[in-house]
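Residues per chain, in single letters:
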Amino acid sequence: MNIDPQIQVQLLDIQGKDTEVAQLEYKRATLPAIEVKKELQSNFERARDQHIASEMILSDLQREALKAEGDVEVVRQRVAKDEEMLNSGVINDPKQLSNLQHELESLAKRQLDLEDVELEVMERVEGAKAAVQLLAQQKLDFSTQLESVSNELDSELAALAVDLADVQVERENLAAAIPAEFLALYERIRKGHQGMGAAKLHRGQCEGCRLTIPPQELNAIKAASPDAVIQCEECRCILVRTADSGI
Ligand SMILES: [Zn+2]
């Protein structure tokens, strides 16, 4: 393939734009806010799940507290009934009276035990309420932070999209002046070689792979027509000759 040396030099500008695109795409994929957002998202989800679990625990405990309260109430009513009967004076039989007094004693003990249970459950309800509140606050905090990082990330991405579009337009404008066949060769090489399809021959060195061209090969390049399209033997880049190529 023979290509005007001027056009060959223009290919370097296209390579420059393609490298810029690759850098912007890399930047876009590795924005620190992406990781921060991911971490906040998982923190938020954990707090949300814990909050749901804490609400279930609270609701179980509230049911338990209602039951404990009910148990105490049953005993209280029984005591009231027995006391009423005792005070009404309708029971005269000493055995019956003694039985009733025994029952009242054991009911009093039972009431104390049940009140202890009720108190303990109420304390656990209070603890569970505090946990629900704490987790709700955590969930809210993470969600606020998540929203702010998401907005930050979105605006960074939008700015990068503008930069990328600009570079791509510049690249397309440059590419319009390059013969299709030559551009296709460049694209083919670039795909297989980490985005590098053209490099300057600078002081006997290929700027694509940074290797010094062996003297024999350099002599061959020197002898070639300025129109000839030359590729680096090492990295396959189209080697573009300029005034400081060292040949
Ligand atoms: Zn090379």
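What counts as what
- Residues numbered from 1 in each chain as written.
- Predicted model: local features only at pLDDT ≥ 70, side-chain atom pairs only at ≥ 80, totals over all residues.
- Heavy atoms only, no water.
- Helix = DSSP H or I, 4+ residues; strand = E, 2+ residues; numbered from the N terminus.
- Donors = N, O, S within 2.8 Å, 3.2 Å for Na, K, Ca; no water.
- Domains from an automatic or database assignment.
- Contact = heavy atoms within 4.5 Å.
- Buried area = accessible area lost by both parts, 1.4 Å probe.
- Salt bridge = Lys/Arg side-chain N within 4 Å of Asp/Glu carboxyl O.
- Polar contact = N/O pair within 3.5 Å; in protein donor to acceptor, adjacent residues only side chain to side chain.
- Nonpolar A, V, L, I, M, F, W, Y, C, P; charged D, E, K, R; others polar.
- Axes fitted to C-alpha atoms, helices over the stretch in contact; angles between N-to-C directions.
- Parallel < 35°, antiparallel > 145°, perpendicular 65-115°, else oblique.
- Left-handed = near helix turned anticlockwise from the far one by under 90°.

### Focus: unusual backbone geometry
Here is step 1: Unlike most non-glycine residues, Gln 194 shows phi in positive territory, near 50°.
Here is step 2: By the element assignment, Gln 194 lies in the loop between helix 4 (180–192) and strand 1 (198–202).
Here is step 3: The phi angle at Arg 236 is positive, at roughly 70°, despite the residue not being glycine.
Here is step 4: With respect to the helices and strands, Arg 236 occurs in the loop between strand 3 (230–231) and strand 4 (238–241).

### Quick look at the coordination of the zinc ion
Here is step 1: Surrounding the zinc ion are the protein donor atoms Cys 206 (SG), Cys 209 (SG), Cys 232 (SG) and Cys 235 (SG), which sit 2.3 to 2.4 Å from the metal.
Here is step 2: Motif for the zinc ion, donor spacing along one chain: C-x2-C-x22-C-x2-C. Here Cys 235 lies in the loop between strand 3 and strand 4 and Cys 206 lies in strand 2 (residues 205–206), a separation of 29 residues in the sequence.

### Thoughts on the domain arrangement of the protein chain
Here is step 1: Taken as a whole, the protein chain is organised into domain 1 (5–24 + 179–241) and domain 2 (31–175).
Here is step 2: Using C-alpha coordinates to define each centre, domain 1 is positioned 68 Å away from domain 2.
Here is step 3: Listed by partner, the interface residues are 10 residues for domain 1 and nine residues for domain 2.
Here is step 4: Buried area between domain 1 and domain 2, both sides added, is near 930 Å², and the carbon and sulfur share of it is 71%.
Here is step 5: Applying the counting rule to domain 1 against domain 2 returns three salt bridges.
Here is step 6: As a salt-bridge pair, Asp 18 and Arg 171 come within 2.8 Å of each other at their nearest N and O atoms.
Here is step 7: Connecting domain 1 to domain 2 are three residue pairs in polar contact (both at pLDDT 80 or more).
Here is step 8: Of all the secondary-structure elements, those providing two or more residues to the side of domain 1 that touches domain 2 are helix 1 (5–29) and helix 4.
Here is step 9: Looking at which element gives the most residues to the side of domain 1 that touches domain 2, the answer is helix 1, with seven residues.
Here is step 10: A class-by-class count of the residues in the side of domain 1 that touches domain 2 yields five nonpolar, no polar and five charged.

### What about the packing of helix 2 (residues 32–88) against helix 3 (residues 94–175)?
Here is step 1: Where helix 2 meets helix 3, the closest approach of the two axes is 5 Å, and the angle between their N-to-C directions is 165°. Relative to helix 3, helix 2 is oriented roughly antiparallel. Here helix 2 runs over helix 3; the crossing is left-handed.
Here is step 2: A class-by-class count of the residues in the contact of helix 2 with helix 3 yields 33 nonpolar, 12 polar and 19 charged.

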